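Observations on the three-dimensional arrangement
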Amino acid sequence: MQDYLDILKFRHATKIFDENKKVSDDDVNYILEAGRLSPSSMGFEPWDFLVVENKELRKKIQEKSYNQQQVTTSSHLILILSKLSELKSDGDYVKQVVGMRPDKNEEEKAKRVEFYRNFLKNSFKDEEELLYTWAHAQAMFAVTNMMNAAAFKGIDSCPMEGFDRLAVGEILGLDPRKHRIAIMLPVGYRLNEQPVKYRRDIKSLVSWIK
């Protein structure tokens, strides 16, 4: 596919995948790289990615995801995890993010760290629910790029928020103080034909101010 709109037309929420078809490691890494390169507020990248192939684990996850078939029929299950404790103003993560900037000297880095920590403290009060709401919104940039990168490769996906976050986190052994699952993305190859895509007409949803 060469035209970007063709990618969007190809992509749909695939509910059942062909269990006999496996996405290659190279293509999974391509999808993950698209997530890594995604934009985020202040460049914080407030996410981590977890890829689950293990069938037994995915069966347990499916039970906490309203038994949706895409969890177990997909080739890989990618989870976008929202950071929590690392985003608190007194954490080391801010220093790590700023430390990646070779174009800044130590004084400039120190000022930027102070600015970022004040932003986090003033905006979210170091409260987990506020931090999660913000980090979850950022995760949507990453998952959108992952879905479209997959579609570019002819790979299907299905963004999922219909699951028990706490229960799935426990299954995966996640520390709830450090991470909360933002969204799950099964990827693989469709078993059935793509359904018709219905969207509002462009004229009904766009207004112009000139």
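An account of the accompanying structure is given in this report. Quick caveat, the model's predicted, so the values are computed rather than measured.

Scanning all chains against the criterion turns up eight aromatic pairs. Taken together, a centroid distance of 6.3 Å and an interplanar angle of 15 degrees make the contact between Tyr30 and Phe152 stacked. With Tyr30 in helix α2 (residues 25–36) and Phe152 in helix α7 (residues 128–152), the pair connects residues that are 122 residues apart, well separated along the chain. The partly exposed category is assigned to Tyr30, whose relative accessible area is 35%.

Moving on, we come to the side chain of Ser65. Looking at the secondary structure, you find Ser65 in the loop between α3 (55–63) and α4 (70–73). Ser65 gets classed as buried once you look at its relative accessible area, which sits at 0%. Within the structure, Ser65 has its side chain in polar contact with the backbone oxygen of Ile61 (distance 2.7 Å). When residues no more than four places from it in sequence are discounted, the contact partners of Ser65 are Val71, Met160, Gly162, Phe163, Val168 and Met184.

Two numbers describe how α2 lies on α7: the axes approach to 8 Å, and their chain directions differ by 145 degrees. Every pair of crossing elements has a handedness; the one defined by α2 and α7 is right-handed. Taking contact as the criterion, the partners of Tyr30, Ile31, Leu32, Ala34 and Gly35 in α2 are, on α7, Ala142, Asn145, Met146, Ala149, Ala150 and Phe152. A class-by-class count of the residues in the contact of α2 with α7 yields nine nonpolar, two polar and no charged.

Reading across from one edge, β1-β2-β4-β3 is the order of the four strands in this open sheet, with antiparallel pairing throughout. The open sheet has two edge strands, β1 (47–52) and β3 (156–157), and neither has a second partner. The pairing of β1 with strand β2 (residues 76–83) spans six bridges and is classified as antiparallel. By the bridge assignment, Val52 is partnered in β2 with Leu77. Where α2 meets the sheet, its contacts fall on β1, β2 and β4 (179–188), and the angle it forms with β1 comes to roughly 165 degrees. Most of the contacts of α7 go to β4, to which it runs at about 15 degrees, and overall it touches β1, β2, β3 and β4.

Reading guide: rules and limits
- Residues numbered from 1 in each chain as written.
- Predicted model: local features only at pLDDT ≥ 70, side-chain atom pairs only at ≥ 80, totals over all residues.
- Heavy atoms only, no water.
- Phe/Tyr/Trp six-rings, centres within 6.5 Å; stacked < 30°, edge-to-face > 60°.
- Helix = DSSP H or I, 4+ residues; strand = E, 2+ residues; numbered from the N terminus.
- Buried < 20%, exposed > 50% of the residue type's maximum accessible area, 1.4 Å probe, protein only.
- Polar contact = N/O pair within 3.5 Å; in protein donor to acceptor, adjacent residues only side chain to side chain.
- Contact = heavy atoms within 4.5 Å.
- Axes fitted to C-alpha atoms, helices over the stretch in contact; angles between N-to-C directions.
- Left-handed = near helix turned anticlockwise from the far one by under 90°.
- Nonpolar A, V, L, I, M, F, W, Y, C, P; charged D, E, K, R; others polar.
- Pairing = 2+ DSSP bridges.

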